[in-house]
Amino acid sequence: ENQEGDTENRGSYNFSFRMDGPQFFRTFSPGSNSKEEVAGLQEVKHIVKPYIKYTYQEAEDQDDLFFFDRLDRLPEQNLISYGLENHFLGRISSEDGGEKVGEALLVTLSQSYNIAEKRDPDQPDDPQPFSPLLLDIEFKPLGLPDQTTLRIDGELAYDFHKGALVRKNLDIWGGWRDTINVGLSWRNSDEPGVDVEQSGEVNYLGAHLEWEPISTLKLKLKTSYNLDLGGKVENRYSVTYQTNCWAVTLAMIDRFDEDEFTFNLDLTGIGSF
């Protein structure tokens, strides 16, 4: 209810669909025309898959809502997106004499065309409907020991309107069993925010650690460091105790200008508060 006691309802609808084109593939062995293995790799299958996607998010007045960061706004979208996915599947020899098959590399090149931007009456002389050209790379080695994981994600975005790279991201994740996971990340972007007052410029390093010493206890640590200003962005610490029916989480967020403490109780199948 608002201050007058009247009930207010707010909603926003969206719609999207994706259509994949014909797939092309080729299977080859690293040892040229022979069956020779390279680093245990027997075969590589390269699959090329084009796609096109349409996304619509209605325009909604959100000026009366709290604004903390860009996640607090739903931007209007009327996009036609298109891309080309390159899947690389590998077959390798395992230590026990068997074989492992899986996707080791995914390379995606994509871009969007903003129909709403093209029709924007506020900038009829200089519309910029094309999004930056995005190159996304996901690499997951296949020849790792059992119960060990490693994933490397890289992202580059080139803005043809500016003639420059506007986004450079890198994530490295590793884990062992379900006990410990470690992540390192780098974010570098000078893309605009939702409002003209928000530049969207970021340049920081991040680290993430999750440790589950026993099945009912999980510890998390997340930190980020601003490379431009030479100081921390924030540190997050949390402890979670969980059972089959409920879980309790205590968390602390240490920012450069404030500290925040939270307590959360989750009831399985019911909700949380």
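Because the structure is a prediction, the values reported are computed rather than measured.

### What to know about the overall build of the chain
Here's step 1: Helix and strand counts for the chain come out as one helix and 15 strands.
Here's step 2: In the chain, which comprises 273 residues, the proportion classed as buried is 26%.

### Remarks on the side chain of E85
Here's step 1: For E85, the position within the fold is in strand 4 (residues 77–93).
Here's step 2: In this structure E85 touches R18, I47, V48, K49, Y51, L106, V107 and T108, once residues within four positions along its chain are discounted.

### Here we look at the confidence of the model for the chain
Here's step 1: Counting all residues, the mean pLDDT for the chain is 82, and 76% of those residues have values of 70 or more.
Here's step 2: Strand 6 (residues 133–139) holds the highest mean pLDDT among the elements of the chain, 97, whereas strand 15 (residues 271–272) holds the lowest, 54.
Here's step 3: This model gives residues 193–199 a pLDDT under 50, and the stretch forms 13 contacts once residues within four places in sequence are excluded.

### Considerations on the packing of aromatic side chains
Between two aromatic rings, the relevant description is the distance of the centres plus the angle of the planes.
Here's step 1: A complete count under the given rule lists six aromatic pairs for this structure.
Here's step 2: Ring geometry for F15 and Y54: centres 6.5 Å apart, planes at 55 degrees, overall tilted. Of this pair, F15 sits in strand 1 (residues 14–20) while Y54 sits in strand 3 (residues 41–57), placing them 39 residues apart in sequence.
Here's step 3: With a relative accessible area of 22%, Y54 lands in the partly exposed category.
Here's step 4: With a centroid separation of 5.1 Å and 80 degrees between ring planes, the pair formed by Y158 and F160 is classed as edge-to-face.
Here's step 5: Ring-pair connections join several aromatic residues into one group, and the members of that group are F15, F17 and Y54.
Here's step 6: A cation over an aromatic ring shows up here: R18 above the ring of Y51, its NZ or CZ 4.1 Å from the ring centre.
Here's step 7: Above the plane of the ring of F25 lies K45, whose end atom (NZ or CZ) is 4.6 Å from the centre.

### Examining the pairing of strand 12 (residues 231–242)
Here's step 1: Examined bridge by bridge, strand 11 (residues 217–226) and strand 12 share 10 bridges and lie antiparallel to one another. Following the sheet pairing, L217 is matched in strand 12 by Y241.
Here's step 2: Between strand 11 and strand 12, which follow one another and run antiparallel, lie four residues, and G230 among them has a positive phi close to 70 degrees.
Here's step 3: Bridging between strand 12 and strand 13 (residues 246–255) involves nine bridges; their strand directions are antiparallel. Its bridge partner being in strand 13, N235 is matched across the sheet by D254.
Here's step 4: If you look at the hairpin formed by strand 12 and strand 13, you'll find three residues sitting between the two strands.

### Digging into the environment of N226
Here's step 1: Its place among the elements puts N226 in strand 11.
Here's step 2: Residue classification places N226 among the buried positions, given a relative accessible area of 19%.
Here's step 3: Setting aside its immediate chain neighbours within four residues, N226 contacts N203, Y204, G231 and V233.
Here's step 4: Of the polar contacts made by the side chain of N226, one reaches the backbone nitrogen of L229; its length is 3.0 Å.

### Details of the pattern of salt bridges
Here's step 1: In total, this model carries 14 salt bridges according to the counting rule given.
Here's step 2: For E85, the salt bridge identified is with K49, shortest N-O distance 3.6 Å. On the criterion of sequence distance, the pair formed by E85 in strand 4 and K49 in strand 3 is long-range, its members being 36 residues apart. Of the two residues, E85 and K49, neither departs from the other in class, the shared state being buried.
Here's step 3: With a closest N to O distance of 2.5 Å, R236 and E234 form a salt bridge.
Here's step 4: The network of salt bridges with shared partners includes E234, R236, R255, E258 and E260.

### A word on the environment of I137
Here's step 1: Within the secondary structure, I137 is located in strand 6.
Here's step 2: A residue is classified by how much of its surface remains accessible, and I137, at 33% relative accessible area, is partly exposed.
Here's step 3: Apart from residues no more than four positions distant in its own chain, I137 is found in contact with L105, L106, V107, I152, D153 and G154.

### Digging into a nonpolar patch on the surface
Here's step 1: On the surface, a cluster of nonpolar side chains totalling about 590 Å² of accessible area is made up of W176, I180, V182, L209, W211, L221 and Y237.
Here's step 2: Going through the elements one at a time, strand 9 (180–189) and strand 10 (202–214) are the ones with two or more residues in the nonpolar patch.

What counts as what
Counting restarts for each chain, with residues numbered from 1 along the sequence as it is written. At least 70 in pLDDT is required for a residue's local features to be given in this predicted model, at least 80 for side-chain atom pairs to be given and counted, and no such filter applies to totals for whole chains, interfaces and linings, which use all residues. With hydrogens and water stripped out, all remaining heavy atoms of the structure feed into the side-chain values. In DSSP terms, a helix is any run of H or I states spanning at least four residues, a strand is any run of E spanning at least two, and both are numbered starting from the N terminus. Categorising residues by exposure relies on relative accessible area from a 1.4 Å probe, with only protein chains included: less than 20% of the type maximum marks a residue as buried, more than 50% marks it as exposed, and the intermediate range marks it as partly exposed. Throughout, a contact is declared for two residues whenever any of their heavy atoms are within 4.5 Å. What pLDDT reports is the predictor's confidence in each residue, on a scale of 0 through 100. Stacked, tilted and edge-to-face are the three classes assigned to paired rings of Phe, Tyr and Trp, where Trp is represented by its six-membered ring and a pair needs centres within 6.5 Å; plane angles under 30 degrees give stacked, over 60 edge-to-face, the rest tilted. In this scheme, Lys NZ or Arg CZ marks a charge over a ring once it lies within 6 Å of the ring centre and within 35 degrees of the ring normal. Two strands form a pair only when DSSP identifies at least two bridges running between them. Between N or O atoms, a polar contact is any pair within 3.5 Å; within protein, one atom must be a potential hydrogen donor and the other a potential acceptor, and residues adjacent in sequence are included only when both atoms are from side chains. Every case where a carboxyl oxygen of Asp or Glu lies within 4 Å of a side-chain nitrogen of Lys or Arg is listed as a salt bridge. What makes a patch is a set of residues exposed beyond 30% relative accessible area and free of salt bridges, joined within 9 Å when like-charged and within 5 Å when nonpolar (Val, Leu, Ile, Met, Phe, Trp, Tyr). Per-residue and other accessible areas were derived by the Shrake-Rupley procedure at a 1.4 Å probe size, with only the shown protein chains allowed to occlude residues.

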